[in-house]
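# Overview (structure and organization)
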Amino acid sequence: MRRDSLTALLAAALLTGAVMNASAAPREEAPFTLPDLPYATDALEPVIDEQTMQIHHGRHHRAYVDNLNLKVKEYPRLKTLDLEQVQREISSFDTAVRNNGGGHYNHSLFWKLMATPGQGGEPGKALMAAIERDFGSMDALRTRFSAAAAGVFGAGWAWLIVRDDGRLAITTTPNQDNPLMDVVAERGTPILALDVWEHAYYLKYRNKRADYVEVWWQVVDWREVERRFGNAQAPKQG
Ligand code: MN
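Here is a short report on the structure shown in this document. Just so you know, the residues in each chain are numbered from 1, in the order the chain's sequence is written. Local features in this predicted model are restricted to residues whose pLDDT is 70 or higher, and side-chain atom pairs enter the listing and the counts only when it is 80 or higher, whereas totals over whole chains, interfaces and linings include all residues. Water and hydrogen atoms were dropped before computing side-chain values, which therefore reflect all heavy atoms in the structure.

### Digging into the sheet that holds strand S3 (residues 189-195)
Heads up, the condition is: The pairing criterion is simple: DSSP has to find at least two bridges between the two strands. A run of H or I in DSSP becomes a helix once it reaches four residues, and a run of E becomes a strand once it reaches two; helices and strands are each numbered from the N terminus. A fitted line through C-alpha atoms serves as each axis, taken over the contacting stretch for helices, and the angle formed by two N-to-C directions is quoted from 0 to 180°. It only takes one pair of heavy atoms within 4.5 Å for two residues to be counted as in contact.
On the basis of which strands lie adjacent, the open sheet formed by 3 strands has the order S2-S1-S3 and antiparallel pairing. One side of each edge strand has no neighbouring strand; the edge strands of this open sheet are strand S2 (168-174) and S3. For this sheet, the mean angle separating the axes of adjacent strands, direction not counted, is 25 degrees. Examined bridge by bridge, strand S1 (residues 156-162) and S2 share 7 bridges and lie antiparallel to one another. Residue pairing across strands places Val162 opposite Leu168, the latter belonging to S2. With respect to the sheet, helix H4 (residues 95-112) is in contact with S1 and S3, its orientation differing from that of S3 by roughly 90 degrees.

Now the structure itself:
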């Protein structure tokens, strides 16, 4: 075979491959999508560096979404459930759905709970009253939450949840589990979340997770935490 026809063949094969990749997952088979960040990738600097945000959102979160979509063929029911409902019924799926469905939910929430340093406001009256009732003070909440986050062994998350009885509680989960899942020990509605996987902080903080946790408080968006607290308090529909 002549060299230029071989090149043409290779080019055609590559092109076909590209087209096939683009159409491999029709919309109805890929119901889950990567949400845009609610701010620029450098918006959380210097607390969370731009490169970490780019990789964390653009690669890690995207992989959870892509891998969750790969499970839709096996579990067509995923097409009929919203992401929160997937968490509540997670015991009816396999480990890949638990890990990637959890990863998609957790990161979608995590991005919304942060804002440019100093722009996140303070807890409002109702949330502050609940914090003082259940932890004694804002300082006590921060100390206990930070200790819980620092104490997660390996990869996982720290949470502030509203329990079914309306009380606030601090919990942790391993891997991509979360407090909505019907498989975790302590369930509730998450209103604050902190990712303590190494991919969340290692580029800037290396192995010093406690340093990352300490400065992370500067980017908490308390207005969003307050809003979620209000929704969790609202009487359940139906
Ligand atoms: Mn993460």
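This is not the end of the story, as more comes after the structure.
### Quick word on the nonpolar core
Going by this rule: Among buried residues, the Ala, Val, Leu, Ile, Met, Phe, Trp, Tyr and Cys ones that are joined through side-chain atoms within 4.5 Å form a nonpolar core. Burial here depends on accessible area, computed with a 1.4 Å probe over protein chains only, as a share of the maximum for the residue type. Under 20% is buried, over 50% is exposed, and the range in between is partly exposed. Boundary definitions for the domains trace back to an automatic or database domain assignment.
Counting residues in hydrophobic clusters, the biggest one holds 66 residues, and the most contacted among them are Leu168, Leu194 and Trp216. It is S1 that provides the largest number of residues to this core, a total of 6 residues. When we break this core down by domain, the ones giving at least three residues each are domain 1 (3-25 + 48-112) and domain 2 (125-233).

### Comments concerning the packing of helix H5 (residues 125-135) against helix H6 (residues 138-151)
Rules: Angles are sorted into four bins: roughly parallel if under 35 degrees, roughly antiparallel if over 145, roughly perpendicular if 65 to 115, and oblique for all others. Two helices crossing with the near one rotated counterclockwise from the far one by less than a right angle form a left-handed crossing, whereas a clockwise rotation gives a right-handed crossing. Three categories are distinguished: nonpolar for Ala, Val, Leu, Ile, Met, Phe, Trp, Tyr, Cys and Pro, charged for Asp, Glu, Lys and Arg, and polar for the others, with Gly belonging to the last.
Remark: H5 packs on H6, axes separated minimally by 8 Å, with the N-to-C direction vectors making an angle of 65 degrees. By the angle between their axes, H5 is roughly perpendicular relative to H6. Note that H5 runs across H6; the crossing there is left-handed. In this structure, H5 contributes Met128, Ile131, Asp134 and Phe135 to the contact, and H6 contributes Met138, Ala140, Leu141 and Arg144. Split into classes, the residues belonging to the contact of H5 with H6 amount to 6 nonpolar, no polar and 2 charged.

### Points about the packing of helix H2 (residues 50-69) against H4
Two elements in contact, H2 and H4, have axes whose closest approach is 8 Å; the angle formed by their N-to-C orientations is 140 degrees. Considering the angle they form, H2 stands oblique to H4. H2 and H4 meet at a crossing whose hand is left-handed. Taking contact as the criterion, the partners of Met53, His56, His57, His61, Ala63, Tyr64, Val65, Asn67 and Leu68 in H2 are, on H4, Val97, Asn99, Asn100, Gly101, Gly103, His104, His107, Ser108, Phe110 and Trp111. In terms of residue class, the contact of H2 with H4 is made up of 8 nonpolar, 11 polar and no charged.

### Here we look at the packing of aromatic side chains
Quick note on the threshold: Each Phe, Tyr or Trp ring, with Trp reduced to its six-membered ring, pairs with another whose centre is within 6.5 Å; inter-plane angles below 30 degrees give stacked pairs, above 60 give edge-to-face pairs, and intermediate values give tilted ones.
Inspection of every chain in the model, using the stated rule, returns 10 aromatic pairs. An angle of 85 degrees between the planes, with centres 5.4 Å apart, marks the rings of Phe110 and Trp157 as edge-to-face. Here Trp157 lies in strand S1 and Phe110 lies in helix H4, a separation of 47 residues in the sequence. In this pair, the class of Phe110 matches that of Trp157, namely buried. Both rings, one in Trp216 and one in Trp217, keep their centres 5.2 Å apart while their planes meet at 55 degrees; by these two values the pair is tilted. The same class applies to Trp216 as to Trp217, namely buried. An aromatic cluster is defined as three or more aromatic residues linked by ring pairs; in this entry it consists of Phe110, Trp111, Trp157 and Trp159.

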